[in-house]
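Summary of structural features
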Amino acid sequence: MARLKFDALAHYPFCTELQIYTSHINHGNHLDNAQLLTLVSEARLRFIRWLGYDEMDVLGLGTVVGDVGAQYLSEGFHGDVLQIEMAPADLGRYGFDVVFRIREKTSQRDVARGKVGVVLVDKQARKAAPMPDAVRERLLAVAVGEAKQ
């Protein structure tokens, strides 16, 4: 299987910070790969709120994760503060990707890059639903230039 590789984007409109806690550390004394995805999930929730939505109410639709890909670039350690930058990409009929870059705040060392595929769903029918035009327009506006928060 080919290794996943994610190139850094030129522009990430959203950035949030999360600290690595003891519960995020594995037996190798560094950030556990599964816990990294927990931190990405928290950042994704913050990103969607920053867009003006809620994960369970994007103009009446819910969200689910369709896929996740991560490329681990260096270790994270207890106490590190991570800057998690995000941007929308690959807007489709039923959803979009949230691409991310994670850096250790002090050194700016890249820790990981990747993407989360977000699918919009009709909660009653429990199936994928087309993206509303207003959501598409918001994502496109953010992708081309709103400042970091």
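Numbers given for residues are sequential positions, taken from 1 along each chain in its written order. Reporting of local features is limited, given that this is a predicted model, to residues whose pLDDT is at least 70; pairs of side-chain atoms are given and counted only at 80 or more, and all residues count toward the totals for whole chains, interfaces and linings. Excluded from the side-chain calculations are hydrogens and water; all other atoms, namely the structure's heavy atoms, are used.

**What about the packing of aromatic side chains?**
Only Phe, Tyr and Trp rings take part, Trp by its six-membered ring, and two of them pair if their centres are within 6.5 Å. Stacked means planes under 30 degrees apart, edge-to-face means over 60, and tilted covers everything else. A complete count under the given rule lists three aromatic pairs for this structure. Between Phe 47 and Trp 50, the ring centres sit 6.0 Å apart and the planes meet at 25°, which makes this aromatic pair stacked. Of this pair, Phe 47 and Trp 50 are both found in helix H1 (residues 33-50), three residues apart, which corresponds to roughly one turn of the helix. The buried label applies to any residue whose accessible area, calculated with a 1.4 Å probe on protein chains only, is under 20% of its type's maximum; exposed applies above 50%, and partly exposed to all values in between. By relative accessible area, Phe 47 is classed as buried at 0%. An aromatic cluster is defined as three or more aromatic residues linked by ring pairs; in this entry it consists of Phe 14, Phe 47 and Trp 50. The ring of Trp 50 is capped by Arg 138, whose NZ or CZ atom sits 5.7 Å from the centre of that ring. Numbering of helices and strands starts at the N terminus; helices are DSSP runs of H or I of at least 4 residues and strands are runs of E of at least 2. To sit over a ring, a charge needs its Lys NZ or Arg CZ within 6 Å of the ring centre and within 35 degrees of the ring normal.

**Some words on the environment of Ile 84**
Examined against the element boundaries, Ile 84 turns out to sit in strand E3 (residues 81-89). Taking the relative accessible area as the measure of exposure, Ile 84 reaches 0% and is therefore buried. Every residue in contact with Ile 84, bar those within four places of it in the chain, is listed here: Phe 14, Cys 15, Thr 16, Leu 18, Leu 39, Ala 43, Arg 101 and Ile 102. When checking whether two residues touch, look at their non-hydrogen atoms; a contact exists if any pair is within 4.5 Å.

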